[in-house]
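Close look at the chain arrangement
Now for the letters of each chain:
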Amino acid sequence: MGRFRRKKHNASMNITSLMDVLTIMLLFLLKNYSADGSILTNADNLVLPNSESKKKPTEVNLQIAVTQDMILLDNQPVVPTEDARNIPQEEADPIIIKLEERLKVCMAQEHEMVRLGALNAVQGKVIVQVDKNIDFDVLFKIMNTCGKSGYNNMNFAVMERDDG
Amino acid sequence: MANKLKMNGAEATDVDLKVFMNLMVVLIPMLIVSAEFASVAVIDIKLPELRGSNIVDQQKEKSDENRDEKLLLTAIITDSVVTLGAKGGFMPSLFYQEYHRYISKDGNLDTLLEYTPGKMPTHPHTGRELTVHERFEIYLYALDENRNVLKSLYTKFGEMLTDADGVPVRNVNAGDTVFALTNPRRRIIVTNPGEFDSKPLSAYDELKNRLMKIKERYRDAVDKDDIIIAAENEVIYDKIVQIMDAARSAEFPNISISKLRG
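Analysis parameters
- Residues numbered from 1 in each chain as written.
- Chains lettered and ligands numbered in written order.
- Predicted model: local features only at pLDDT ≥ 70, side-chain atom pairs only at ≥ 80, totals over all residues.
- Helix = DSSP H or I, 4+ residues; strand = E, 2+ residues; numbered from the N terminus.
- Buried ≥ 20, exposed ≤ 12 C-beta atoms within 10 Å, placed from the backbone.
- Contact = placed C-beta atoms within 7 Å.
- Expected span 1.5 Å × (residues − 1).
- Pairing = 2+ DSSP bridges.
- Nonpolar A, V, L, I, M, F, W, Y, C, P; charged D, E, K, R; others polar.
- Core = buried A, V, L, I, M, F, W, Y, C linked by C-beta atoms within 7 Å.
- Axes fitted to C-alpha atoms, helices over the stretch in contact; angles between N-to-C directions.
- Parallel < 35°, antiparallel > 145°, perpendicular 65-115°, else oblique.
- Left-handed = near helix turned anticlockwise from the far one by under 90°.
- Domains from an automatic or database assignment.
- pLDDT = per-residue confidence, 0-100.

**Some thoughts on the overall build of chain B**
Looking only at helices and strands, one finds five helices and 14 strands in chain B. Expressed as a percentage of its 262 residues, the buried residues of chain B come to 26%. Within chain B, contacts between residues at least 6 apart in sequence are counted, and of these 58% link residues at least 24 apart.

**Some words on the overall build of chain A**
Across its full length, chain A carries four helices and six strands. Mapped from its N terminus to its C terminus, chain A presents α and β elements in the order α-β-β-β-β-α-α-β-α-β. Here the contacts in chain A between residues at least 6 apart in sequence split such that 70% fall between residues at least 24 apart.

**A few points about helix H5 (residues 237-249) of chain B**
Residues and elements named next belong to chain B. A rise of 1.5 Å per residue sets the reference length of H5, with its 13 residues, at 18 Å; its end C-alpha atoms lie 19 Å apart and thus fit the reference within 8%. Judged by how many residues are buried, H5 sits mostly within the fold: twelve of 13 residues are covered. Along H5, the positions that sit buried rather than exposed are Tyr237, Asp238, Lys239, Ile240, Val241, Gln242, Ile243, Met244, Asp245, Ala246, Ala247 and Arg248.

**Points about the sheet that holds strand E10 (residues 177-180) of chain B**
Reading across the sheet, the three strands line up as E9-E10-E11 (chain B) and stay open at both edges, with antiparallel pairing between neighbours. Two strands close off the open sheet at either side, each with one partner strand: strand E9 (161-162) and strand E11 (186-189) of chain B.

**A closer look at the interface of chain B and chain A**
Frequently, the measure chosen for interface size is the accessible area that the parts lose on association. If you look at the interface, chain B gives 40 residues, while chain A gives 47 residues. Contributions of two or more residues to the side of chain B that touches chain A are made by helix H2 (18-34), strand E1 (40-46), H5 and strand E14 (254-259) of chain B. In the side of chain B that touches chain A, the residues fall into 24 nonpolar, six polar and ten charged. Both strand E6 (residues 153-160) of chain A and E1 of chain B contribute to a ladder of seven bridges, which runs antiparallel. If you follow Asn155 of chain A over to E1 of chain B, its bridge partner there is Asp44 of chain B.

**A look at the nonpolar core**
Within the largest apolar cluster, 69 residues are counted, with the highest numbers of intra-cluster contacts made by Val128 and Ile142 of chain A together with Ile229 and Ile243 of chain B. Looking at this core, the element that brings in the most residues is H5 of chain B, giving seven residues. What Val128 of chain A contacts, discounting residues up to four positions off in sequence, is Ile64, Val66, Ile142, Met154, Asn155, Phe156 and Ala157 of chain A. Residues Leu153, Met160, Leu161 and Phe196 of chain B belong to the second largest nonpolar core, which totals eight residues.

**Let's talk about the packing of helix H4 (residues 203-217) of chain B against H5 of chain B**
Residue and element names in this part refer to chain B. The geometry of H4 relative to H5 is characterised by a closest axis approach of 9 Å and an angle of 30° between their N-to-C directions. Considering their axes alone, H4 and H5 lie roughly parallel with respect to each other. Helix-helix and strand crossings are classified by hand; for H4 and H5 the assignment is right-handed. Residues Tyr204, Leu207, Lys208 and Leu211 of H4 lie in contact with H5, whose contacting residues are Gln242, Ile243, Ala246, Ala247 and Ser249.

**Comments concerning the pairing of strand E3 (residues 70-73) of chain A**
Residue and element names in this part refer to chain A. In this structure, strand E2 (residues 63-66) lies alongside E3, joined through three bridges in antiparallel fashion. When the sheet's bridge partners are listed, Ile64 is paired in E3 with Leu73. From the end of E2 to the start of E3, which pair antiparallel, there are three residues. Note that E3 and strand E4 (residues 76-80) share four bridges and pair antiparallel. Counterpart to Ile71 in the pairing with E4 is Val79.

**As for the domain arrangement of chain A**
Considered domain by domain, chain A is made up of domain 1 (2-32) and domain 2 (50-160). Between the C-alpha centres of domain 1 of chain A and domain 2 of chain A the distance comes to 51 Å.

**Notes on the environment of Phe252 of chain B**
All names here are of chain B. Within the fold, Phe252 resides in the loop between H5 and E14. For Phe252 and Ala230, which are 22 residues apart along the polypeptide, the C-alpha to C-alpha distance reads 15 Å. Filtering out sequence-adjacent residues up to four positions away, Phe252 remains in contact with Leu73, Leu211, Lys215, Asp225, Asp226, Ile227 and Ala247.

**Some thoughts on the confidence of the model for chain B**
All names here are of chain B. Mean pLDDT over chain B stands at 79; residues scoring 70 or higher make up 85%. Summarising per-element confidence for chain B, the mean pLDDT is lowest in helix H3 (residues 54-65) (46) and highest in H5 (89). In the predicted structure, residues 50-61 sits below a pLDDT of 50 and forms six contacts with residues beyond four places in sequence or in another chain. For this predicted complex, the interface score ipTM comes out at 0.77, while the overall pTM is 0.78.

**Section: unusual backbone geometry**
Residues and elements named next belong to chain A. With a phi angle near 50°, Asp74 is a residue other than glycine that sits in the positive phi range. Along the chain, Asp74 falls in the loop between E3 and E4. One non-glycine residue, Asn75, adopts positive backbone phi at about 70°. Within the fold, Asn75 resides in the loop between E3 and E4.

Written out as structure tokens, the structure is:
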């Protein structure tokens, strides 16, 4: 069994170069680090459009995501996008009923929080993440529904363009 | 000096880096996990037809009082044309043809295809119908009356060149003075005409150009920062975002969206 015994000799590895690499990586990652986490919903078919906007998303409590198949409220599926498409286009005041119900609940919660003193004022703020291939028809119906439910302050999420 | 004398006798020993290594091994994976490689931004939107809010009603009354001084700038977007309206009148429409850039994995496809409304194009090699998720970008090329694609010169930074009146430039000679479409416009005195590329005139750039002209003319309007974007039902969201970009870079940051009714 003696063959398993290690021979005693001083083998030292030169790790200076490895340390250099790690230090550079550490600095690079610290530079990229942002304390406020990502607000992005990761859905398969949700691709945000590129834009030159530099405005950073502020703290917000409600987000709607619109993919080709589903409309999600705070990451929970609410209604298929197809249902929104099926509302007649001639409708002057199109409302997505299921979405409106959920939004009204959220709005009531916000009012309740103001009453309890947890919030200063009803913000009515919502971040909307829309897939870039959605047509304006669906977008308008969602905007109309939000406006009707008291969410007048809308922000569209976009990807920051990294090239010049 | 005493130190130095002592050191001369001592053997050089390695610093024990094990502790530091441990720190690195923990820190780096943590930072990689939390790193954001694509950053998200937002665009502020005002709802034009706000309902059920008292503040809005007040605003509306106020706006009715000074309606005649208002600019009421509106950009109307349909499938093939962009029209700007201000002060109750309309500017000449800007016709364009949509070209979509598709990037697909099979056959390393990266191609620019002409778009016909309501129909997805097919893969040029395999004949398969392309999906919307393979559409990478939408380009709008401005057309003249005979539906020929207009050309314009661009700088190497992708900025459109215009002359002093804000008309896109097609060719330049050395010594000419042209303006690059930045905000404010940048004056360039041409030394080497070969440094500019002739490209199809993008409708987004031409729109930005026209909006900047309007901004320059109506700097003292009451609603000088407002623009309403009215779109048709079929317009793709991506296009609206690009047009909002053009509006914002022409200093119209208060964007409202409304629907174009037929």
